[in-house]
Amino acid sequence: MLSISVASFAQDAAPVAAEATAAAPAASSGGDAAKGKELFNTNCAACHKLDAKSTGPALRDVISRHEISWIYKWVHNSSDLIKSGDAAAVKVFEANNKIPMTAFPQLSEGDIDNIIAYTSEPKATAPAAAGASASAAVPGTVQEEGISNNVILGALSLVMAILIVMLVLVNKVLRKVAAANGIEVVAKEPTLPIWKAFVRNQFLVLVSAIFLLLSGAYLVYGFLMQVGVDQNYEPIQPIHYSHRIHAGDNEINCKYCHSASRVSKTAGIPSLNVCMNCHKSISEVAETTATPEYSKAFYDEQIQKLYKAVGWDATSQSYTGKTEPVKWVRIHNLPDFVYFNHSQHVTVAGIECQTCHGPVQEFEVMKQFSPLTMGWCVNCHRKTDVKMEGNEYYTKIHEELSKKYGVDKLTAAQMGGLECGKCHY
Amino acid sequence: MSSNKKYWKSVEELDGNSSIVEALRNNEFVEEIPTDEFLGNEAALSSSSTTRRDFLKYVGFSTAAASLAACEGPVHLSIPYVLQPEQIIPGVADYYATSVFDGFDFANLLVKTREGRPIKIDNNTIAGAKFAANARIHGSILSLYDNMRLKEPKLDAKNASWSAVDSKIKSSIVDAKAKGGQVVFLTNTLASPSTEKLIADFIAKNPNAKHVIYDAVSSSEALDAFETVYGERALVDYDFSKASVIVSVGADFLGDWQGGGYDSGYAKGRIPSGAVGKKTISKHVQLESNMTLSGAAADKRVAMSTANQKQALVQIYNVVTGANVSTSLDATFKADVIKAAQQLKAAGSKGVLVSGIQDKNAQLLVLAINQVLASEAFATSGTRQIRKGSNEKVAQLIKDMNAGSVHTLIMSGVNPVYTLADSKSFVEGLKKVKTSVSLSLKEDETASLSTIAAPVPHYLEAWGDLALTKGTYSITQPTIRPLFNTKQFQDILLSINGIPGTYYDYLKAFSSSVIAGSSWNKVLHDGVYVGVIPTSAAGTADYNGAANTLAQAKSTGLELVLYTKTGMGDGQQANNPWLQEFPDPLTRVSWDNYVTVSNADAKKWGLTNEIVANGGLNGSYVTLTANGVKLENVPVIVQPGQAVGTVGMALGYGRKAALKEEMQVGINAYALYSGFNNVQSVSIVKADGEHEFACVQGQKTLMGRGDIIKETTLEIFNTKDAEIWNEKPMVSLDHKEVEATSVDLWGSFDRSTGHHFNLSIDLNACTGCGACVIACHAENNVPVVGKSEVRRSRDMHWLRIDRYYSSESTFEGDNERKENIAGLSSSLSTFNEMEKAGDNPQVSFQPVMCQHCNHAPCETVCPVAATSHGRQGQNQMAYNRCVGTRYCANNCPYKVRRFNWFLYNKNSEFDYHMNDDLGRMVLNPDVNVRSRGVMEKCSMCIQMTQATILKAKNEGRTIKDGEFQTACSNACSTGAMIFGDVNDKEATVTKLAEDERSYHLLEHVGTKPNVVYHVKVRNT
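Residues numbered from 1 in each chain as written. Chains lettered and ligands numbered in written order. Predicted model: local features only at pLDDT ≥ 70, side-chain atom pairs only at ≥ 80, totals over all residues.

Here we look at the environment of Ala775 of chain B
Residue and element names in this part refer to chain B. Heads up, the rule is: Comment: elements are numbered from the N terminus, with helices defined as DSSP H or I runs of at least four residues and strands as E runs of at least two. C-beta atoms are placed from the backbone for every residue, and two residues are taken to be in contact when these atoms lie within 7 Å.
Positionally, Ala775 belongs in helix H25 (residues 771–780). Counting along the chain gives 47 residues from Ala775 to Ala822, while the straight-line C-alpha distance between them is 46 Å. Setting aside residues no more than four positions away along its own chain, Ala775 makes contact with His138, Ala967, Cys968, Asn970 and Ala971.

Written as structure tokens, this is what we have:
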């Protein structure tokens, strides 16, 4: 049995881990750790972790603490066990804030054996080290690529410099040869300097003056037009919150956290209790989440910041009541004289969040994707057809307006979406 | 001659020999300028760490640095909830039903909250919620965010903790019991069954305790009379919608008479209804001395002194009941009074008589007359519980206090030091009270003299229950956490009663006994509960005796009639800038109270009102003396319609304590309110100087321009064609008379698709109450500009209520007079005379806001296209685009555009609510706060119409009639303002816009407005 377990583990883990497993005390009942892992993730992971206390206790080596027959009873119906007055059961219940564990009658004893096998695996430290070394290696490769361009450029400029030096040398040699051969090198007639010629040509002066003025005006205009436009504004936030991890890797719907966007004018920054819906049981990130730039330790620290803000004591698994609201830096700042309503765009029009906010699921740090200028709004209102199907509000007005304009689809502009007063009041 | 004038530069020149003269000839100054003193020491200068050049460098550098730093955008923080309350979604408004009674005003409300802060008050329109908010209740939302509120409890004028205050009260009560001193609760009328029970429980346990109810503005006589006949201390809740003839003898029932709140019932009867040609409206006769809102609305108004009103009442009593009490009614009024009495008698049960005469006998006659008529409007079931005060008991309390027999005085909701005429003896008595506790929102005149000044929560922060009328029950619920360290009266009562728990728990338990058949949650949600409405059984009294006594009343010379102003009421909210700046509906004066004097008396005493060169109104000063009390430098307003021999003055002004400096305006007329009698015998002497008023309307009359306010009589309205009484303006086109609206410079835009908003204003139903004006302020963040700016005609009201007097006795008379002008000289003299209002004129109100013209003159003149037209009919104003040329305002025929001359927010020059963080909490986050140099005006609440449309889109449905509202139409309880979509053929507003009474303001200009007015019909 043991060999099977090792073998099956060896398929998906480093041999270092396998060695460690072999050294571990043998599980009394045995079981399939791989199946156990699957079962653990589906049934237990919401409340238990292997090495840390969560809602329930850490389960690593639980078999060393309890008899397997006791574990069967506990998993199948813990509250019966507690009621029966079993001393161990009562102790466990009380040690964990008297939160009753859900009964799992559907888990067979074999299933439980598998889970136990999984929990009996020793803590794998090697892969972390491997991961760290791997992550250390990654930036190296990136650097190499970055340098390669520079090297090419450097080489090219070196070649250029050599060529210039060679030309000068050749010229020198030729002059020497000429001198030696007694050939006189005829000095050129001094010609009119180019700038004087330019000044004398009034037409050119005029044209270039106009050109300079126009390009100057263009530059000034460009400068002025970007005043107050904060596209790509990417402020440092008090908690490094990664949309890449949440919306990208974990595919959490935007509107799960920004639920107000469906009904309100503001999308809303989720209150911390929304964060805790998941982070109550996720106190650390997976190894694979870490990037070359941001380590696992860094991300875990961010979760700790959340716990501090919301007043969550991870060891006792309870709220302390001491809260510190997070002071996020607001990224999208519309001026006061503009009225914008999210629900109009999200619920009524059904526009994807990414249309305006960009590929947020790829953003490690949130930034302003769109310019949020009036021209940007108006362009979209001119081009976009209003989604009217299935909305009774639009039935009559669609009928009348499509007859009036002779079109089947109506843009927001045709609906009156360009009137000043629709957004400015 | 003048060329020989010699100008002396100084007296020294008189003395030709003076050396100074010689010195001045050569130097600019006599003495040497001491430049050496600061420039002589070169060593010090060069060794100085900051040389002049360095200084300039620093200045230059810091300026450059400052401007560079300004290039960086500000960082905005966004702080979400840690634990978001389930019902709060940022950006979405919540509404809570609640009810208010502050001892003077009462209403059933819906409070709009955003992100947990109340920002607007709306009327609760659920069945059973009878009382709509008036201007003051609409304004009370701002009083919640009053920065001058008492924030901490004070013990002996020092900040103290609540536990210290509580123990002090408790020990004082124990001490009082031991020493046999009285414990007195001095409160306003509570109308709160649970609070009354708590007080009664306490009195039951402590026989030395008593409860004195004190109404600052008393209705004691009416209560006494009703108690005598019906055995219950309450007021009749009249239903004017059931009356076809209304006779009011000195009762301003559209104002604050017996609490007010009668306008919606009254207006129902004033809108012509019934079969075509046989439409009816009620007939309203008003006998009064001051010009009031009721007098303005009346079909027939007779101006007479209170002494005459008493005789008139006896006369009416004679006619209606057939009694024969001899009266000494002035002959000039006799015919009118007898005619009114006969009409009343003929109407029988459809008639009703009300009176505001503060005399028990007069009030007995009111009961007698209505009993004989079997008046349907006179409802003795479900009586009003909002006034209970007894003048005698208050007088007795002051005596007891001065005698030293009151040990502990607990005051709640009253400010007797300010509101009592004999405030001096109250203050003296207060000094003899061992422990005085003043539970107050402010550290007002009384609280600052009390041992304990205890802050109480505003009604929007507190729990409570109300039985405004008998048989109904409403809950007051908090809409925000208490802003300050406050504790409500009831919690203190619980604590001294030794009842554990909070008032909320007590209230919940208490209410279960009242709300039979309903639940706490339902009553809380609805705001009101209507139970079994008991009828008070009629007894009787010696009516003839009362009539005889009343007829004996003698005239007391010049009468001062005290009243409460629509904006200020009893003066509780004197620190509310909205209400201070609210122009009085009749005099159109804001930021002041004054003596109103009739034209004849003004002439006699040499008092004047005149518009001076800068456009402001100036008035004379007088000194008023009554009962030995002298009020000096009281400004005078000459009031058309004021009865000769009477003057009027408003209570509620002249407060000083806990008021911002700008709000300390007017003169305290409570000083003259001796014996709680609103009629006092006074003498008037003209004083020196002129008062500068902030009056928003200089013009008094319509000058016969009958097309601005169209009026007709019921008879003409019923018998003649609409063209006669609602004449269409005609112009000459190609030498042919055509309708003015048919001639147009502009092409028309097709407005038949989508929504097209119209606002209909029925001049018959508008009483000029001004609730819409304040509601508009709250909804649209309209700034307050202050007295001196209002005087410069820079008021910012988006919605104003124009008031017009007739010059002749009727507007029709004015029209005729203007038509009959022949020749230039006659026109000059006639127009001159027509500028003056008549002695007893007709009055009309006309709410005017932006008319949202389809062919708007303002839009065509804007050089930057900041104002443009929406296809939904709204004239839109893009503030960020406006550069402030003010061409639009100049080209607007309705003068509804307002210019921001200054920055009115975060500016200490305008120290009103928008200058402090607390006051700004009232701002509507959906509406922009305008800055300096920008034109603004009514937007027809586009933020509300857009929100309604979005709601329907979100829910995927069409919009029903009545869903579209504006702040003003929402606030209008009389049904005068109806808003809606005229492209919805079934909508009420569509029918109103097409009604034969409808017309547009200045229709001949051809602006095609989207605001529709309705011809006023009077039942003369």
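With respect to the nonpolar core
One broad trend across soluble globular proteins is that nonpolar side chains are buried collectively. The criterion, for reference: We call a set of buried Ala, Val, Leu, Ile, Met, Phe, Trp, Tyr and Cys residues a nonpolar core when their C-beta atoms link them within 7 Å. The burial label depends on the number of other C-beta atoms within 10 Å of a residue's C-beta. Counts of 20 or more mean buried, 12 or fewer mean exposed, and intermediate counts mean partly exposed, with C-beta atoms placed from the backbone.
Residues Leu313, Ile316, Tyr317, Leu365, Ala669 and Cys772 of chain B are the most contacted members of the largest nonpolar core, which totals 280 residues. The biggest single contributor to this core is helix H13 (residues 360–373) of chain B, with eight residues. Setting aside anything within four residues of it in sequence, one finds Ala669 of chain B in contact with Leu562, Asn593, Met649, Ala650, Leu651 and Tyr653 of chain B. Of all hydrophobic cores here, the second largest spans 16 residues; its members include Leu39, Ile82, Ala89 and Tyr118 of chain A.

Description of the packing of helix H14 (residues 391–403) of chain B against helix H16 (residues 423–432) of chain B
The description of two packed helices rests on the angle between their axes and on the distance between the axes. Residue and element names in this part refer to chain B. Formally: A fitted line through C-alpha atoms serves as each axis, taken over the contacting stretch for helices, and the angle formed by two N-to-C directions is quoted from 0 to 180°. Relative orientations are named as follows: roughly parallel for angles under 35 degrees, roughly antiparallel for angles over 145 degrees, roughly perpendicular for angles from 65 to 115 degrees, and oblique for any other angle. Crossing handedness: left-handed means the near helix sits turned counterclockwise from the far one by under a right angle, and right-handed means the same turn made clockwise.
The N-to-C vectors of H14 and H16 enclose an angle of 45°; their axes lie 7 Å apart at closest approach. As judged from the angle between their axes, H14 and H16 are oblique. As H14 runs across H16, the sense of the crossing is left-handed. Judged by residue contacts, Ile398, Met401 and Asn402 of H14 engage Ser425, Phe426, Glu428, Gly429, Leu430 and Lys432 from H16.

Observations concerning the confidence of the model for chain B
Rules: The predictor's confidence in any single residue is recorded as pLDDT, a number from 0 to 100.
Per-residue confidence for chain B gives a mean pLDDT of 90; residues scoring 70 or more make up 98%. Of the two predicted TM-score estimates for the complex, the pTM is 0.84 and the ipTM is 0.83.

With respect to the environment of Ala251 of chain B
Residue and element names in this part refer to chain B. Mapped onto the fold, Ala251 is located in the loop between strand E9 (245–249) and helix H9 (263–270). A C-alpha to C-alpha distance of 9.2 Å links Ala251 and Gly295, two positions 44 residues apart in sequence. The residues contacting Ala251, other than those within four sequence positions of it, are Trp257, Val354, Ser355 and Gly356.

Quick word on helix H11 (residues 306–321) of chain B
Residue pairs spaced three or four apart in an α-helix point in one direction, given the helix's 3.6 residues per turn. All names here are of chain B. The criterion, for reference: A helix is expected to span 1.5 Å multiplied by its residue count minus one.
Here H11 is 16 residues long and its end C-alpha atoms lie 22 Å apart, about the 22 Å a rise of 1.5 Å per residue gives. With respect to burial, H11 is a largely interior element, 13 of its 16 residues being buried. Following H11 by one or two positions, Gly322 adopts a phi angle in the positive range, close to 80°.

Observations concerning helix H5 (residues 135–144) of chain B
Of all ten residues that make up H5 of chain B, ten are buried, and the element is covered over most of its length. Elements in contact with the buried residues of H5 of chain B: strand E2 (94–101), strand E3 (106–114), strand E4 (117–123), helix H21 (577–581), H25 and helix H32 (967–971) of chain B.

Concerning the interface of chain A and chain B
Many analyses report the size of an interface as the accessible area lost when the parts associate. Applied cut-off: Paired strands, in this sense, are two strands between which DSSP finds at least two bridges.
The interface is formed by 44 residues belonging to chain A together with 38 residues belonging to chain B. Contributions of two or more residues to the side of chain A that touches chain B are made by helix H13 (272–279), strand E3 (328–329), helix H15 (342–348), helix H18 (392–405) and helix H20 (420–423) of chain A. When residues of the side of chain A that touches chain B are assigned to their parent elements, the largest contribution, six residues, is made by H18 of chain A. By the bridge criterion, two bridges tie E3 of chain A to strand E1 (residues 77–78) of chain B in an arrangement that is antiparallel. Bridging across to E1 of chain B, Trp328 of chain A finds its partner in Ser78 of chain B.

Remarks on the pairing of strand E32 (residues 800–805) of chain B
Residue and element names in this part refer to chain B. Burial runs high along E32: six of the six residues are buried. Residues Arg800, Asp802 and Tyr804 of E32 are buried on one face, and the alternating residues Ile801, Arg803 and Tyr805, pointing to the opposite face, are buried as well. Two strands pair when backbone bridges link them, and E32 and strand E33 (residues 843–848) are joined in this way by six bridges, in the antiparallel orientation. The partner of Ile801 across the bridge, within E33, is Pro847.

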